[in-house]
Amino acid sequence: MDTLNLTLAPRWGNDTVMDMTIRGAFPASGIPADNAKPALDYSDQAFGGICPFPDYEELTISDDLGEVPWRLAAAPSCYSAAAFKGFYFERPVQGTVRWSYRILPRILPEGYRSSPYYDFRAEPLGLNGSGMFAFILPNTENAQVRIHLDWDLSNMPEGARGIWSYGEGSVEKVLSAWQIRLSLFNTGIMQSVEHGCFGVYWFSEPYFAVKDVAERLYPIYQYMADYFHDTGSSFRVFLRRDPFEISGGGSACPYAFISGYSAMGGMDADKWFNVLIHEMTHTWPSMADFNVGEGTWFSEGCTEFYCTMLPYRGGFLDAEFTVKCINAKIKGRYYDNVHREMPNMEIPKIQWQDRRAQEVPYGRGFLYLANVDLQLRQAGKGSIDDIVVKYSVADPMPLQEWKDFVLERLGEKGLQEFEDMAAGKLMVPEPDLFGPEIVTVRDEIELNGKKTISYHWEVRK
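A quick note: this is a predicted structure, and the numbers were derived from the prediction, not measured.

Here R181 lies in helix α1 (residues 177–181). A relative accessible area of 5% places R181 in the buried class. Within the local environment of R181, its side chain forms a polar contact with the side chain of D41, the two groups lying 2.5 Å apart. In this structure, R181 is in contact with D41, Y42, F84, S130, G131, M132 and L137, ignoring residues within four places of it in sequence.

Structure (structure tokens):
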């Protein structure tokens, strides 16, 4: 197995991280010999341009013979929501290929609001980012490599730390290039709450009691890790201070997530706490979604199902809090959404221009999976747990596995209900969907200029 060495070298200035030099090394034998394929590549932008690769300078590429000539051009992408660029070498390489470049923190455009948090961004006292929008990697055609990631903090002040999704300081893991891209990092003068394998990290002190939030999240993590049979894992939470009003979102990677809070205050504490649980839960329920839309309903909807129901079942959150979450996620994001009948594969075409469309898979998937789970339990045929626990974000479920599962357990009717959901047919909740404490209430609303049905949930009096 080839070894990839990556060294991250942040540089301090003006009470934050000014830039970061990244140095890589990889055996020439692991680089495609066909010069029609990119030797190195990176994600140029994703999500309709909302997340860009950072500006970079001082790029050098060499091997044991010296400087390697190259051309930069579009490269194949394994992910339909992202465009890639690649470095195509103009001669064969020998020995070890080495590259180095300096990346600059993103300067946010005017009127910016929260989006996927994978971008490379600085704030007072530190900086965070993701492999997706920081790392130039060898084109291994997604074979696994042994990555050795290290930090060079020689240009940082005393007390500075460098933390990656998989550990602090020098870390070695076996991962694919895609899994390396799906990782997060933090560097700077940070504060933290750490309990062995679990850590929450932030820079400047926020306006809320962040330590209380971290302490409240930790036992839920323990409960979930045990539920999904993943007790030997570690987990890291990176918090970002947003310099704009509309914040409180998050983005997940395997065994880590990043969430933002507005520097201007005014956040709904309950809503944000549920976002944190949602992003944490993403480590487990997952479906392959490289052709975006095929698995979004599951990865987001199943995450919503478990992040809402497990803390309730485990006694961490009461029925009142849970009902508030169910109404926000199913009623607000699905039933009362103007795009609620848009097919799954049509949603990605508009979801970053109209954020209402982006929300549909969350509520639609949650309701569909809750219905299926109850149908299975009532029929004595197990639950969705039986298949969900077999996969994770590091090993996502193929779509066909789910179709085979519902066909085997619920027959042609179960498969047809899946197809109807994917096509956008409006769903009706099963009776007593969320247990005896929570009541389903039918509503009549006006949507797209017409009267139609909706539902909400209440705590049984």
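A few words now on helix α5 (residues 319–335). Counted at 1.5 Å a residue, the expected span for α5 with its 17 residues is 24 Å, but the 21 Å between its end C-alpha atoms falls short. N327 marks where α5 bends most, by close to 25 degrees. Burial of α5 is extensive: 12 of the 17 residues sit out of reach of the surface. The set of residues buried in α5 consists of A319, F321, T322, V323, C325, I326, N327, K329, I330, K331, Y334 and Y335. Those residues of α5 that are buried are in contact with α2 (210–227), α3 (269–281), α4 (296–313), α6 (355–378), β23 (438–447) and β24 (450–459). The backbone nitrogen of E320 has a side-chain oxygen 3.3 Å away, supplied by the residue at the start of α5, namely D318.

Between α2 and α3, whose axes approach to 11 Å, the crossing angle comes to 35 degrees. The element α2 and its partner α3 pack so that their crossing is right-handed. Of the residues in α3, those in contact with V213, R216, L217, I220, Y221 and M224 of α2 are W272, F273, L276, I277, M280 and T281. Its residues assigned to classes, the contact of α2 with α3 shows 10 nonpolar, one polar and one charged.

About the criteria used
Residues numbered from 1 in each chain as written. Predicted model: local features only at pLDDT ≥ 70, side-chain atom pairs only at ≥ 80, totals over all residues. Heavy atoms only, no water. Helix = DSSP H or I, 4+ residues; strand = E, 2+ residues; numbered from the N terminus. Buried < 20%, exposed > 50% of the residue type's maximum accessible area, 1.4 Å probe, protein only. Polar contact = N/O pair within 3.5 Å; in protein donor to acceptor, adjacent residues only side chain to side chain. Contact = heavy atoms within 4.5 Å. Expected span 1.5 Å × (residues − 1). Bend = angle between axes of the 7 residues up to and from the residue. Axes fitted to C-alpha atoms, helices over the stretch in contact; angles between N-to-C directions. Left-handed = near helix turned anticlockwise from the far one by under 90°. Nonpolar A, V, L, I, M, F, W, Y, C, P; charged D, E, K, R; others polar.

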